Amino acid sequence: MMDIVAFGISGILALVVSIISIILLVLTIVFGIIRAIKKKFKKTFIILLIVTILLGIVDFFTINNLIKSINEININNDDSINIRQEDGKIILSDNPIEQLLMSDDRKVEIICEYMMNKIETKDYENIKSIFSNDMINNVINLDEGINKLIDISNENISDFKSQLNGSETHWDNGQHRKTYRFNCDITTTNNTKYSIGFEYDYENPFNNETLGVNRMVILDENKSILVLVDNETINKGY
């Protein structure tokens, strides 16, 4: 994972180079106009043009390197991933800048891996913790869903992947609620395939009791519903 200090330095460098490039571009245009009208400052214009082009090339590679650095910001995909709730939001990393720069696809990938780690423990309470408190308190057939996840885990999960299907965003008085809809597609060692659809509250400052999974549907390889647990009476807090 990229060191945050190195990332900060790269960002500042890219900003400084971009500002200088813009200033030189403006000066080049100004002296170019003067050169065209009054036939003066020919050498100055040529020097500015050359320097602007060279610095533009440097700027291109600096920004390209910064983008590459952003893509390298990552969380190790292992059992140490520890998602928690804080101030009405799911925390995926102890580094707030790292989480801020994550794409929605990456966030869902981390959440899916975290939940798969829980499911693979085959432990009821561990699996239960992926669901929101609101769902735990209001959904009658949640036990059925958890037990089906245990059954799938007992088949031994050999592979899984996440797929973001969409998101919902709500703003109110400067506060932000965000929900993700995604699949975790699972393959077991006997090559049985399952697709588990989730609706997941990632951020809800209006009611942090909804953070976590609020809807889950488990489909077999023929897309037939095996289990559906849905918090239809969810209190979003607004």
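These figures come from a predicted structure and were not determined experimentally.

Conventions used here
- Residues numbered from 1 in each chain as written.
- Predicted model: local features only at pLDDT ≥ 70, side-chain atom pairs only at ≥ 80, totals over all residues.
- Heavy atoms only, no water.
- Phe/Tyr/Trp six-rings, centres within 6.5 Å; stacked < 30°, edge-to-face > 60°.
- Helix = DSSP H or I, 4+ residues; strand = E, 2+ residues; numbered from the N terminus.
- Buried < 20%, exposed > 50% of the residue type's maximum accessible area, 1.4 Å probe, protein only.
- Contact = heavy atoms within 4.5 Å.
- Salt bridge = Lys/Arg side-chain N within 4 Å of Asp/Glu carboxyl O.
- Core = buried A, V, L, I, M, F, W, Y, C linked by side-chain atoms within 4.5 Å.
- Expected span 1.5 Å × (residues − 1).
- Polar contact = N/O pair within 3.5 Å; in protein donor to acceptor, adjacent residues only side chain to side chain.
- Arc of directions from axis to C-beta.

**Student:** Go over the packing of aromatic side chains, please, and point to the residues and values.
**Tutor:** A full pass over the atoms with the stated rule returns 3 aromatic pairs. Note on Y180 and Y202: the rings are 5.5 Å apart at their centroids and 55° apart in plane angle, and the pair reads as tilted. Remark: Y202 occurs in strand β5 (residues 193-203) and Y180 occurs in strand β4 (residues 175-188); sequence separation between them is 22 residues. Relative accessible area serves as the criterion here: at 0%, Y180 is assigned to the buried category. Geometrically, the ring pair formed by F182 and F198 is tilted, given 5.6 Å between the ring centres and 35° between the ring planes. Remark: F198 occurs in strand β5 and F182 occurs in strand β4; sequence separation between them is 16 residues. There is no split in this pair, since F182 and F198 are both buried. Members of the aromatic cluster, each reached through a chain of ring pairs, are F182, F198 and Y200.

**Student:** So what's going on with the environment of F182? Which residues, and what values?
**Tutor:** Residue classification places F182 among the buried residues on the basis of a relative accessible area of 1%. Discounting chain neighbours no more than four positions away, the residues touching F182 are V108, I111, C112, M115, Q163, L164, N165, I196, G197, F198 and Y200.

**Student:** Pulling in residues and values, what's your account of the pattern of salt bridges?
**Tutor:** Per the counting criterion, the structure on display carries 6 salt bridges. A salt bridge links R84 to E86; its shortest N-O distance comes to 3.7 Å. With a relative accessible area of 33%, R84 lands in the partly exposed category. According to the relative accessible area criterion, E86 is partly exposed, its value standing at 38%. Salt bridges sharing partners connect three or more residues here, namely R84, E86 and D94.

**Student:** Break down the nonpolar core for me, with residues and values.
**Tutor:** Across soluble globular proteins, you tend to see nonpolar side chains buried next to one another. M115, F131, F182, F198, V213 and M216 are the most contacted members of the largest nonpolar core, which has 38 residues in total. Listed by contribution, the elements that provide at least two residues to this core are α4 (104-119), α7 (142-154), β4, β5, β6 (212-219) and β7 (225-230). For this core, the element with the most residues is α4, which contributes 8 residues. For F198, the contacting residues outside a window of four places in its chain are M115, I130, Y180, R181, F182, C184, V213, R215 and M216. In terms of nonpolar packing, the next biggest core, distinct from the first, is built from 5 residues, L24, F31, L48 and L55 among them.

**Student:** Which residues make up α4, and what are the values?
**Tutor:** Helix length check: α4, at 16 residues, gives a terminal C-alpha distance of 22 Å against a target of 22 Å (1.5 Å per residue), a fit within 8%. Of all 16 residues in α4, 13 are buried, a share of seventy percent or more.

**Student:** Hey, could you go over the side chain of S195 for me, with residue numbers and the actual values?
**Tutor:** With respect to the helices and strands, S195 occurs in strand β5. In terms of polar contacts, S195 uses its side chain to reach the side chain of D185, at 2.7 Å. When near neighbours in sequence (up to four residues on either side) are disregarded, S195 contacts N183, C184, D185, V217, I218, L219 and K223.

**Student:** Pulling in residues and values, what's your account of α7?
**Tutor:** Taking 1.5 Å as the rise per residue, α7 with 13 residues should run 18 Å; its terminal C-alpha atoms sit 19 Å apart, in good agreement. Every buried residue belonging to α7 is among L142, G145, I146, L149, I150, I152 and S153, and all of these are buried. The arc enclosing the buried residues of α7, seen along the axis, measures out at 160°, which places them on a common side. Downstream of α7 by one or two residues, N156 has phi in the positive range, about 70°.

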